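Below, each chain spelled out in residue letters.
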Amino acid sequence: MTAITEADRAPRSPFDVQPDLRVVPLRTPTLPPATHTNCVVVGHRDVVVVDPASPYEDEQRRLLDWIEGNGLRVHAILLTHQHGDHVGGANALREATGVPVLAHPATTAALKGHVRVDDSLFEGDLVSEALEVDLGVPLRVLHTPGHARGHLAFRDERTGALIGGDLVAAQGTIVIDPPDGNMADYLATLARLIVLGTGVLIPAHGAAIDAGEDKLLEYIAHRQMREEQLQVTLAARPQRCGRPIDLVPAIYPDVPPMFHPLAGRQVLAHLLKLEDEGRVDRPDGSTDVPGVPVYMSASMAGWTAELPVFRLLG
Ligand SMILES: [Zn+2]
């Protein structure tokens, strides 16, 4: 899921990143400016499908037609994480092809009652070995928490190409929504992907990013800048205190008011990281992860209602 303010310039027709890494953008109910989610098909003839994202029947049909038109044999459906704009077509594709759905156990738990997941994927798994099918691509499973606890990315070990799910976006920004989203985990994940070596990065929304590592560095720097801003903003307030929603206009001056509750969740994610580090606390003594996560609430009002005051220490 991405946000917020630019026009949608993402590709809407299928495109190849490598001959064995093909992307089919599917229309999904995602956050603006994105309108599509990238479904990635890995392999030459024997393939796996990552994030069959669309809940819309015409888009599900389009994906199936594209798979059949290219003469592909699907062996499994892999999910990066549980958000609706990534898993919306999983049940339909599973039914149409009879292949298993695989995800991280935390994703499976979050999808209980919505999407049937048949098997688990873990950090370090090679997809070909896990499925006992030769995809022709050494696709490695990476556990990449931060945006979601069970988030997986998939790396081509030959080229460093990365199917990044919602770790970065070619447009908009990535939402870190506590408690399933965790800012410290997210920054650690981004750093790890740089250390590992990342080539072309296929985000869930928008065009492929050729300079993957540069983008990861840019994202880390951006979040560090936000964290600095947040502390400066708190320091200037009475008693060095504020609720997340109070801090949004200073931190996100370009975000339209209708998205302030969402931005408030980002501020909360930063505050919880600072709290873990002992740099802020809560005068009311509460310790829970408060408020209603975006994905569990139909109305934006609940996202930042009841969030406590945080106080800058030191
Ligand atoms: Zn997401």
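Above this text you will find the structure in question.
Conventions used here
Residues numbered from 1 in each chain as written. Predicted model: local features only at pLDDT ≥ 70, side-chain atom pairs only at ≥ 80, totals over all residues. Helix = DSSP H or I, 4+ residues; strand = E, 2+ residues; numbered from the N terminus. Contact = placed C-beta atoms within 7 Å. Pairing = 2+ DSSP bridges. Axes fitted to C-alpha atoms, helices over the stretch in contact; angles between N-to-C directions.

Student: Quick rundown of the environment of His 270? Include the residues and the values.
Tutor: Of note, His 270 is situated in helix 9 (residues 260-276). For the pair formed by His 270 and Pro 257, sequence separation is 13 residues and the distance between their alpha carbons is 20 Å. With residues up to four places along the chain from it excluded, the contact list for His 270 reads Met 183, Arg 226, Glu 227 and Leu 230.

Student: How would you summarise the pairing of strand 2 (residues 15-18) if you had to cite specific residues and measurements?
Tutor: With three bridges connecting them, strand 2 and strand 3 (residues 21-27) associate as antiparallel partners. Bridging from a neighbouring strand, Asp 16 pairs with Arg 22 of strand 3. Connecting strand 2 to the antiparallel partner strand 3 that follows it, the hairpin turn spans two residues.

Student: Report on the sheet that holds strand 7 (residues 101-103), specifying residues and quantitative values.
Tutor: Reading across the sheet, the seven strands line up as 2-3-4-5-6-7-8 and stay open at both edges, with mixed pairing between neighbours. Unpaired on one side and paired on the other, strand 2 and strand 8 (119-120) mark the two borders of the sheet. Where strand 3 meets strand 4 (residues 36-42), seven bridges bridge the pair, whose relative direction is antiparallel. By the bridge assignment for strand 4, Val 23 is matched with Val 40. Each of strand 3, strand 4 and strand 6 (73-78) is contacted by helix 1 (residues 57-69), which is oriented at about 160 degrees to strand 3, the strand it contacts most. The strands touched by helix 3 (residues 90-97) are strand 5 (46-50), strand 6 and strand 7; relative to strand 6, the strand with the most contacts, the crossing angle is about 150 degrees.

All quantities given are derived from atomic positions and should not be read as evidence of function.
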